[in-house]
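Chains, contacts and geometry: an overview
This is what each chain is made of:
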Amino acid sequence: MGPRTATRSTGRTAARSTGSTARTGSAAGAVALVLALSGCAGAAASDAGTDAKGGADGKPRTAISVNLQGTRAKAGVPVKVTLAEGKLTEVTVTDSKGGRLAGTVSADGRGWTSARSAAPGTAYSVRAQDDQGGTATAEFTTAAPELVNKVTLAPGGNRTVGVAQPLSIVFDHPVKNRAEVEKHLKVTTSNNTEGSWGWMEDWSGRSRVDWRPKEYWKPGTKVTLNAELSGVDSGEGGGWFVRDYPMSFTIGKQQVVKVDLDDHRLKLFRDGALVRDAPMSAGTPGGEKASWGGTAVLMSKEGTINMRSETVGLGDAYDKMVDYSMRLTWSGMYAHAAPWNSAFLGSANKSSGCIGMSDSDAAAIYEAVQVGDPFEITGDDSKGTVALNNGYGAWNLDWSQWQAKSALR
């Protein structure tokens, strides 16, 4: 079924209602859709003998106006219903997919406003009821968007992740209206965790916003995102959002991986207790082959993958299949098995930037770690600190620095 145009009620808006429509002006002076409200106990619609002040049931004619009408109504604004006389008792606004716009009746009972804006390219039905039992319906369709913005969410729904995992949203198109978008991103936790959003340009060059807690998550925390973006304009060049994006995940075990570049050791701690102490060899210091320092977050467990040096700007230095690969940055730093480097494990940093271990140690670490576990990398042999957007680098900013990246601060 195609979009339906808004129509005036003719007395058939309720199963047994009668009467004609009346016009009322909207507060903004714009053309308004006017609908007659008539009592449910009215006579048949063919009863044309009633006067202008009342219907066959003796109840006075009342009218409402809706601020949106037609097939190209303006998106991104709330739906407003205004009553000429009496009081509204209920207004229902539903879209063609069965979604509903919640709203509130004004203190004087004469108006109703939706809590959220109408989304673009969406057909809506309005049903209003007054305190005399009269009802009326209306329909309108908002103009289709020229450009639709969509998002990619991390860590993904219904997952269990580590204590450093941020909630991350990457947008398909630029977001200029950052403050407006951020207002519609609602994060709730099972234990009232304090946190904040921070904006950045993703490694891919796209707009991105992350939510991280002030400190590492507490194990067992349940996290819910309600990205109520439907009807929000991204701003110039970004387009409209036409749907909401919910997501929930849970925080798992309290685990931290500590990597000491000077001592050439990787240690896994769980609940503060040492679980595994592995000799390792990290990136060769003094150039691009050095490893990054600071806190990186385990992004993914990728198993056996083909690693080629040209993909990270190191020419043809290597091209090999690598086992137990654990991604730490977008720029290509991993922790993984490196049996070819066994002569240097525990004694020197001689890799091309990754953190290499024996097969047995890498297998044990791979099995134990969770996506979202922090890798805290210290030592003088690093080439600098993991950048904010190079994976999940938010933990390398102190709390006040991170808060300053919110568009609402």
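Remember, predicted model here, so these are calculated numbers, not experimental data.

1. Observations regarding the sheet that holds strand β13 (residues 185-189)
Overall, mixed pairing links the four strands, which are arranged β11-β17-β16-β13 in an open sheet. At either margin of the open sheet sits one strand with a lone partner, and together these are β11 (159-161) and β13. The average angle at which neighbouring strand axes cross in this sheet is 25°, direction not considered. Of the strand pairs in this sheet, β11 and strand β17 (residues 245-251) are connected by three bridges, and their pairing is parallel. Counterpart to T160 in the pairing with β17 is T250.

2. Quick look at the pattern of salt bridges
For the structure shown, the criterion picks out 10 salt bridges. For D202, the salt bridge goes to R208, with nearest N and O atoms at 3.0 Å. What makes D202 buried here is its relative accessible area of 8%. Between D210 and R208 there is a salt bridge, with its nearest N and O atoms 2.7 Å apart. R208 sits in the buried class, given a relative accessible area of 1%. Sharing partners across several salt bridges, the network here consists of D202, R208 and D210.

3. Structural notes on the sheet that holds strand β9 (residues 135-141)
If you trace the four strands from one edge of the open sheet to the other, you get β5-β4-β8-β9, paired in antiparallel fashion. Pairing within the sheet leaves two strands with one partner each, and these edge strands are β5 (100-101) and β9. In this sheet, β5 lies alongside strand β4 (residues 88-95) in antiparallel orientation, the contact comprising two bridges. Residue T94 lies in a different strand from β5, and its bridge partner there is R100.

4. A look at the confidence of the model for the chain
The pLDDT averaged across the chain works out to 86; a share of 82% of its residues lies at or above 70. Confidence drops under pLDDT 50 across residues 1-55; counting only partners more than four residues distant or on other chains, this segment forms 119 contacts.

5. Some remarks on the packing of aromatic side chains
Tallying each qualifying case throughout the model produces seven aromatic pairs. Aromatic pair F171 and W199: ring centres 5.7 Å apart, planes at 15°, arrangement stacked. Placement of the pair is F171 in strand β12 (residues 167-171) and W199 in strand β14 (residues 195-201), with a sequence separation of 28 residues. Residue class for W199 comes out buried when judged on its relative accessible area of 4%.

6. Concerning the environment of G231
Mapped onto the elements, G231 comes out in the loop between β16 (222-227) and β17. Taking the C-alpha atoms as reference points, G231 and R243, 12 residues apart in sequence, are found 7.6 Å from one another. Setting aside its immediate chain neighbours within four residues, G231 contacts G76, S117, A118, A119, P120, W240 and F241.

Parameters and conventions
Residues numbered from 1 in each chain as written. Predicted model: local features only at pLDDT ≥ 70, side-chain atom pairs only at ≥ 80, totals over all residues. Heavy atoms only, no water. Pairing = 2+ DSSP bridges. Helix = DSSP H or I, 4+ residues; strand = E, 2+ residues; numbered from the N terminus. Axes fitted to C-alpha atoms, helices over the stretch in contact; angles between N-to-C directions. Salt bridge = Lys/Arg side-chain N within 4 Å of Asp/Glu carboxyl O. Buried < 20%, exposed > 50% of the residue type's maximum accessible area, 1.4 Å probe, protein only. pLDDT = per-residue confidence, 0-100. Contact = heavy atoms within 4.5 Å. Phe/Tyr/Trp six-rings, centres within 6.5 Å; stacked < 30°, edge-to-face > 60°.

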